[in-house]
Amino acid sequence: MKAMIRGNESIAYAFKLARVQVVPAYPITPSTLVPEKISEFIANGEMKAEFVPVESEHSAISAAIGASARGVRVGTATASQGLALMHEVLFIASGMRLPIVMGIGNRALSAPINIWCDHQDSMAERDSGWMQFYSENNQEGLDLGIMAFKIAEDKRVLLPAMVGLDAFVLTHTVEPVDMPEQSEVDDFLGEFKPNYVTLDPNKPATLGSFGFPEHYTEFRFAQWVAMEQAKKVIDEVFEEFEKKFGRKYRKVMPEYTEDADIIFVTMGSMSGTMREYIKKLRAQGKKVGMVKITVFRPFPKEELIEALQNAKVVAVVERNISMGFAGAVYGELAATFANKSKKPKFVDFIVGLGGRDITFNTLESVYKVAEKALTQDVDDVNWIDVNKEAVYKSEGLQ
Amino acid sequence: MYEVRFHGRGGQGAVTAANILAIAAVKQGFYSQSFPYFGVERRGAPVQAFTRIDDKRIDLRMNVYEPDAVVVLDPTLMSVIDVTQGLKEGGIIIINTAKKPEELGFSGYKVATVNATEIALEHRLGSQAAPIVNTAILGAYSKAVGNVKIEHVLEAIRENAPAKKEENAKAAEAAYEKTVLGW
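As the structure is a prediction and not an experimental result, all values here were calculated from the model.

What counts and how
Residues numbered from 1 in each chain as written. Chains lettered and ligands numbered in written order. Predicted model: local features only at pLDDT ≥ 70, side-chain atom pairs only at ≥ 80, totals over all residues. Contact = placed C-beta atoms within 7 Å. Helix = DSSP H or I, 4+ residues; strand = E, 2+ residues; numbered from the N terminus. Nonpolar A, V, L, I, M, F, W, Y, C, P; charged D, E, K, R; others polar. Domains from an automatic or database assignment. Core = buried A, V, L, I, M, F, W, Y, C linked by C-beta atoms within 7 Å. Buried ≥ 20, exposed ≤ 12 C-beta atoms within 10 Å, placed from the backbone. Axes fitted to C-alpha atoms, helices over the stretch in contact; angles between N-to-C directions. Parallel < 35°, antiparallel > 145°, perpendicular 65-115°, else oblique. Left-handed = near helix turned anticlockwise from the far one by under 90°. Pairing = 2+ DSSP bridges. Expected span 1.5 Å × (residues − 1). Arc of directions from axis to C-beta. Bend = angle between axes of the 7 residues up to and from the residue.

Novice: How should the interface of chain B and chain A be read in this particular structure?
Specialist: By convention, interface size is frequently given as the accessible area that disappears when the constituent parts associate. Tallying the contact residues gives 16 residues for chain B and 20 residues for chain A. Taken together, the elements giving at least two residues each to the side of chain B that touches chain A come down to helix H1 (14-27) and strand S2 (31-36) of chain B. A total of 6 residues in the side of chain B that touches chain A trace back to one element, the largest contributor, which is S2 of chain B. Residue classes in the side of chain B that touches chain A are distributed as 9 nonpolar, 5 polar and 2 charged.

Novice: Please explain the domain arrangement of chain A as it appears in this structure.
Specialist: All names here are of chain A. Considered domain by domain, chain A is made up of domain 1 (2-245) and domain 2 (254-394). With centres defined by C-alpha atoms, the gap from domain 1 to domain 2 works out at 28 Å. Across the boundary between the two partners, domain 1 contributes 28 residues, which contact 21 residues of domain 2. Of all the secondary structure elements, the ones that give two or more residues to the side of domain 1 that touches domain 2 are helix H5 (120-123), strand S6 (131-134), strand S7 (161-166) and helix H8 (216-245).

Novice: Is there a simple way to think about the nonpolar core in this case?
Specialist: Generally speaking, nonpolar side chains in soluble globular proteins are found buried as a group. Judged by nonpolar contacts, the single largest core of 186 residues is most densely connected at Ile 94 and Ile 137 of chain B. The biggest single contributor to this core is H1 of chain B, with 11 residues. Two domains each donate at least three residues to this core, and these are domain 1 (2-245) and domain 2 (254-394) of chain A. Residues within four places of Ile 94 of chain B in sequence aside, it is in contact with Ala 69, Val 71, Val 72, Ala 112, Ile 137, Ala 140, Tyr 141 and Ala 144 of chain B.

Novice: Would you mind going over the packing of helix H1 (residues 7-17) of chain A against helix H6 (residues 138-153) of chain A with me for this structure?
Specialist: Residues and elements named next belong to chain A. Interhelical geometry of H1 versus H6 gives an angle of 25 degrees and a closest axis separation of 8 Å. Our classification of the angle between H1 and H6 gives roughly parallel. When you trace H1 past H6, the crossing you get is right-handed. On H6, the residues that touch Gly 7, Ser 10, Ile 11, Tyr 13, Ala 14 and Leu 17 of H1 are Asn 138, Gly 141, Leu 142, Gly 145 and Ile 146. Its residues placed into classes, the contact of H1 with H6 shows 6 nonpolar, 5 polar and no charged.

Novice: Would you mind going over the sheet that holds strand S4 (residues 75-78) of chain A with me for this structure?
Specialist: In any sheet, the strands associate via hydrogen bonds between backbone groups, in a parallel or an antiparallel arrangement. Residues and elements named next belong to chain A. The 5 strands lie next to each other as S4-S5-S7-S6-S12, forming an open sheet whose pairing is mixed. Each edge of the open sheet carries a strand with a single partner, namely S4 and strand S12 (295-297). Ignoring strand direction, the axes of neighbouring strands in this sheet form an average angle of 25 degrees. As judged from the 4 bridges shared by S6 and S7, these two strands associate in the parallel manner.

Novice: Is there a simple way to think about the environment of Ala 175 of chain B in this case?
Specialist: Residues and elements named next belong to chain B. Relative to the helices and strands, Ala 175 is located in helix H5 (residues 165-178). Among the residues examined, Ala 175 registers 30 C-beta atoms within 10 Å and is labelled buried. Considered as a pair, Ala 175 and Ile 137 are 38 residues apart in the sequence and their alpha carbons are 6.8 Å apart. In this structure, Ala 175 is in contact with Val 114, Ala 116, Ile 119, Ala 136, Ile 137, Gly 139 and Ala 140, ignoring residues within four places of it in sequence.

Novice: Honestly, helix H12 (residues 360-373) of chain A in this entry has me stumped. Any pointers?
Specialist: Each full turn of the α-helix corresponds to 3.6 residues, which orients residues three or four apart in the same direction. Residue and element names in this part refer to chain A. With 14 residues, H12 extends 20 Å between its outermost C-alpha atoms, agreeing within 8% with the 20 Å of an ideal straight helix rising 1.5 Å per residue. Along H12, the residues that are buried comprise Thr 362, Leu 363, Val 366, Tyr 367, Ala 370 and Ala 373. For H12, the angular spread of buried residues about the axis comes to 130 degrees, placing them on one side. Packing partners of the buried residues in H12 comprise strand S10 (262-266), helix H9 (270-283), strand S13 (313-318) and strand S14 (345-350).

Novice: In this structure, what is going on with helix H4 (residues 80-95) of chain A? I would like to understand it.
Specialist: Residues and elements named next belong to chain A. Over its 16 residues, H4 extends 22 Å from the first C-alpha to the last, a length consistent with the 22 Å expected when each residue adds 1.5 Å. The largest bend along H4 measures about 60 degrees and falls at His 87. All of the buried residues in H4 are Ser 80, Gly 82, Leu 83, Met 86, Leu 90, Ala 93 and Ser 94. The elements touched by buried residues of H4 are helix H3 (57-70), S4, strand S5 (101-106), H5 and H8. Positioned one or two residues after H4, Arg 97 has a phi angle of 60 degrees, which is positive.

Novice: Just to check I follow, could you spell out unusual backbone geometry for this structure?
Specialist: Residue and element names in this part refer to chain A. In this structure, the amide linkage connecting Ser 110 to the following residue, Ala 111, adopts the cis form with an omega of -5 degrees. When you line up the elements, Ala 111 lands in the loop between S5 and H5. A positive phi angle is found at Leu 158, which is not glycine, with a value near 45 degrees. One can find Leu 158 in the loop between H6 and S7. Looking at Leu 158, the number of C-beta atoms within 10 Å reads 21, which means it is buried.

Below is the structure:
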């Protein structure tokens with residue numbers, strides 16, 4: 001069935017179709033519509049779940065941990081400052097190995113106050129032990145939202161997962177999606193049975209207890225092993241989903257890369273605009289391609305090496321910045337290739353921060369530098385569409 | 001690809017109009033996409049919303065800079081902003097006004113007018129001070145642009161209008177009949 005929904009609704013529908021039992025949430029732009037829609041589903045009797053209206057995001061994720069530890073399927077959603085407020089609790093969720101799924105309306109962090117899209121919020125949580133998925137469109141938000149439960153709950157994984165949708169560009173955009181039938185999703189996910197020790201007064205257990213130096217490292221290593229295992233489980237789930245629903249997902253999606261000298265690496269909604277831009281360049285005979293990263297944690301090193309190793313220049317186009325170094329994706333990609341004897345030249349491009357539109361002009365500026373990099377040295381990190389003169393002047397550098 | 005820009009004021013329903021047009025387009029077998037100008041909503045302030053319509057999947061995610069048509073829900077906006085900004089040469093302008101197209105002084109564009117305010121009030125949509133014109137103007141869109149048929153617009157309105165579904169559909173139908181094409 002075709003449905004016309006906003007990106008936020010794709011998360012709400014994913015939770016409904018996954019028969020999520022508890023949704024603790026605190027509203028924040030741009031993901032407010034997720035809890036709004038879910039409370040509507042519950043009020044209409046379309047969804048049997050407990051909605052917990054908490055007083056902050058810190059409480060939302062804490063309540064999610066309590067419910068998940070009790071052994072029920074839990075989903076929540078947040079963005080930006082809300083995700084940042086969850087920060088310390090995120091590590092508890094992953095450390096306790098609870099398969100919570102959280103929708104993120106990817107949005108910039110303050111200051112200055114800004115409600116619009118970039119990936120800084122979830123990038124700042126990349127070390128929290130959560131899996132991270134990024135959607136190109138609302139269909140992907142819905143599908144990844146459903147698949148995230150199956151991956152997170154797999155006995156070999158048991159890690160929480162974030163599913164990112166770009167603020168406004170997806171969260172507030174209406175477009176058609178194929179809405180799976182409830183029976184198909186039931187069949188795909190199976191009935192939720194916790195594969196872990198749960199809180200049960202009849203079988204007392206301590207969860208999230210003290211980990212002395214004698215044991216702490218083993219707990220951390222177990223998370224590392226689970227993340228490594230997740231790589232395989234993600235492939236399995238993506239393949240099973242494709243067989244059942246006919247839509248193909250991969251951790252990284254290469255397009256037009258076979259003979260490409262320059263490959264753009266993208267994440268999230270910019271991938272669609274990039275695809276259209278590449279078609280234009282291809283029509284001019286330019287050998288360019290793209291690789292879309294759908295799964296950022298676990299970082300798909302093997303697939304990225306495979307997809308990028310034959311390129312001359314890899315242009316990493318990203319909506320985040322680690323001040324004092326570079327964008328996060330660039331850093332990780334460069335490290336992925338560090339010990340390879342054959343490697344492309346990596347160039348980083350910072351674009352689309354705080355909702356600045358990523359247009360064909362933006363991508364042309366990126367392409368020009370990438371093309372130059374084929375024959376000469378260029379800067380490692382390139383800020384695109386920015387009024388540098390104004391900044392230099394205000395910083396007293398002129 | 002056909003791109004439409006809606007101009008309205010916060011609270012007038014420009015975003016809903018863009019969404020309903022997108023839904024109607026899908027009913028006709030097109031792909032579509034609609035989104036608001038990503039601002040901070042304030043009642044009465046100028047707002048924009050966009051619809052893209054195509055016969056193949058729409059991957060483009062940037063704002064609409066060169067629309068094929070613009071829809072103006074509130075004629076007072078025309079003294080505040082240039083509604084033709086970026087509009088393609090020969091593009092269509094659909095305006096809620098009692099005036100005739102030739103009275104508006106545009107050149108190089110096709111202009112269609114409809115008194116959507118009057119039609120909305122006749123169908124008891126909104127109040128004298130704040131008439132809800134977003135469904136009536138879609139009837140005018142269908143007449144002027146023609147790529148999305150009126151029956152699909154009416155069906156989309158009946159399914160998606162938040163209240164007074166039938167009155168909204170009737171208003172769109174009336175506007176379709178009463179739209180004056182200046183070409």
